[in-house]
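Per-entry structural report
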Amino acid sequence: MKLITAIVKPFKLDDVKAALKGVGVEGLTVSEVQGFGRQGGHTETYRGSEYAIDFIPKIRIEAVVADGDVDRVCDAVVEGARTGKIGDGKVWVTEVTRMIRIRTGERDSDAI
Amino acid sequence: MDSGNIAWMLASTALVLFMTPGLAFFYGGMDRSRNVLNMLMMNFYCLLVIPLLWAAVGYSLSFSVTDHGIVGGFGLAMMRGINLTQESAPAALVKMIFLATFAAITPALISGAVAGRMKFSAWAIFVPVWSLLVYCPVTYWVAADNGWMKQMGALDFAGGTSIHVNAGIAALAAVLVLGKRKGWPREGAPPHSMPLVMLGTGILWFGWFGFNAGSQLGADGVTVQVFINTFLAASAAGLSWSVVERLRDGHFTNLGVASGIVAGLVAITPACGFVSTGSAMAIGAIAGVACCYAVLLKNRFLYDDALDVVGVHFVGGLVGSILIGLFSHPQFFGYPQGQGLGADGLLQVTPGLFFGGGLNLLGYQLVANGAAVLYSFIASFAIMKILDAVMGVRVSADDEQEGLDLTQHAETAYHSAERGLGRGI
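Residues numbered from 1 in each chain as written. Chains lettered and ligands numbered in written order. Predicted model: local features only at pLDDT ≥ 70, side-chain atom pairs only at ≥ 80, totals over all residues.

Assigned secondary structure in chain B consists of 16 helices and 0 strands. Compactness check: chain B gives a C-alpha radius of gyration of 21 Å against a globular reference of 22 Å for 425 residues, within 12% of the reference. For the C-alpha atoms alone, the extent of chain B along its principal axes is close to 65 × 50 × 40 Å. Within chain B, the fraction of its 425 residues that count as buried is 56%. Of all intrachain contacts in chain B linking residues separated by at least 6 positions in sequence, the fraction that spans at least 24 positions is 76%. (Helix = DSSP H or I, 4+ residues; strand = E, 2+ residues; numbered from the N terminus. Rg over C-alpha atoms; globule rule 2.2 N^0.38 Å. Buried ≥ 20, exposed ≤ 12 C-beta atoms within 10 Å, placed from the backbone. Contact = placed C-beta atoms within 7 Å.)

Residue and element names in this part refer to chain A. Taking 1.5 Å as the rise per residue, helix α2 (residues 70-81) with 12 residues should run 16 Å; its terminal C-alpha atoms sit 16 Å apart, in good agreement. Considered for burial, the residues of α2 that qualify are V73, A76, V77, G80 and A81. Buried residues in α2, looked at end-on, bunch into an arc of 115°, giving them a common side. Close packing links the buried residues of α2 with β1 (2-8), α1 (13-22), β5 (56-65) and β6 (89-95). (Expected span 1.5 Å × (residues − 1). Arc of directions from axis to C-beta.)

As a further point, take unusual backbone geometry. The omega angle of the peptide bond from W184 of chain B to P185 of chain B is 5°, so this bond is cis rather than trans. Note on placement: P185 of chain B falls in the loop between α6 (160-178) and α7 (194-213). Residues other than glycine seldom take positive phi values, yet D108 of chain A does so here, at roughly 50°. With respect to the secondary-structure elements, D108 of chain A resides in the segment after β6.

Opposite the 7 residues of chain A that make contact, chain B presents 11 residues. Looking at the side of chain A that touches chain B, the elements that each hand over two or more residues are β3 (42-46) and β4 (49-53) of chain A. Counting residues per element, the side of chain A that touches chain B draws most heavily on β3 of chain A, which supplies 3 residues. Here the residues of the side of chain A that touches chain B are counted per class, giving 2 nonpolar, 3 polar and 2 charged. (Nonpolar A, V, L, I, M, F, W, Y, C, P; charged D, E, K, R; others polar.)

So, on to the nonpolar core. Counting 143 residues, the largest nonpolar core has A171, A233 and I283 of chain B as the members making the most contacts within it. With 14 residues, helix α2 (residues 36-63) of chain B is the single largest residue contributor to this core. Setting aside chain neighbours within four positions, we find A171 of chain B in contact with L109, I110, A113, D305, V309 and V310 of chain B. Counting residues in each nonpolar core, the second largest holds 13 residues, with I4, A6, L20 and V65 of chain A among its members. (Core = buried A, V, L, I, M, F, W, Y, C linked by C-beta atoms within 7 Å.)

What follows is about the pairing of β3 of chain A. As a general feature of sheets, a regular strand has side chains that alternate between the two faces. Residues and elements named next belong to chain A. Sheet topology note: the β3/β4 ladder contains 5 bridges and is antiparallel. Opposite E44, over in β4, you have Y51 as the bridge partner. Linking two consecutive strands that pair antiparallel, namely β3 and β4, is a turn of 2 residues; a positive phi of about 45° is found at R47 within it. (Pairing = 2+ DSSP bridges.)

Below, the structure written as structure tokens:
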């Protein structure tokens, strides 16, 4: 099993969700995060004083998928999240060693 | 006092009461999210302790006429001797409770300057002490029948000198004792919730109609003109501040609009019952520009007036009060001309420079404000210094870092799961 983690622009969440549904991903977790990469922040001015705002709000999407689905799911995320402009985000894949469905006790691939 | 006047005065009292929470949100939104509840508390606290103190002794010390004229006596403590079988009682009672809201909001103004680093226990003592020792005497000089500033001919319709100049310079004294926030001016945070700031601004503007127009202590033609002046000065100032910001910094900002509106309201406060419509617009426009630049003084002179109480209230109040010297127009209102109360008990008003009065009124305004500044600064500084020696006025560096909401009140405004109206940074 693999954990797919994606950092995307907040307004692209619906597109990514639709794309993931399209490739059969039935569960995912979404959180509001902040970060920066090459996009950088911006400056705000309040009463003549400038403030550098480094962090940009993003959405983090996490989904655990079967090993065989990794490529398809990653492609779906990229497809859904890409705008072509700087700040589109990143997707990465990490190993999941164990997963349990809490209600039923099903384990590993039965829990996906 | 007929029922129409009573109704207006009670409505005005409620309007001005609403201004203290309005101020709380105006400041609270500008501060960091970890300190917003402390800011709200500093303001709401004033509504708890001051009205009680005012009814007990404060009103008497501010308005009960004494021969020495330095401060009032105790003749009106708890409004003694007054009961509702007397025909004059409603007017007397309504005046007391109306002005209680003024007494409450004046120390609250100072909260914006000391934001983020003052111990609440020290604030809790500072507020009533300052109210008795500074607010009451200055109010007496400005507004009591034989107050020396009034007798001299200085004009202050709703408290530009006794409230805004007074609290504004006291705020400067307070921050000089308190010290700068950690990392200021290099590090700082932008307002954590501009929506709260705009909400507070709207409430302040709404309530200010009670503050200014209620100061006529009745509902008549003067009340109408005061209402008009209050409205239009705010609009003019909001616009002029915004234009300056647009040219100087590049954008129209909500904070600029909010600050400009408040600056205009502050400036028209002393003048609103003495100037006509065009003058009110001018006063607002001038105050907007003046205060937009005045808020930069703290960076120049390196005093940490966190939320610009000095730049907006002190400077705005001073500008408005001085401009009465130019724009006072008793002919428009039908006021008798002269200085102080006439034999008939009516206030006599000197015309301003632009209306044939020469430089006299300007002189009275300068003297009155100068005296208020001197007294308030020295007394406020002394109170803070004594408090600092006795109990310490500043929170520890760790507490400042963690935030005052948690360390002073064991409360959090925004828990991580809720977004509320702030970003929680």
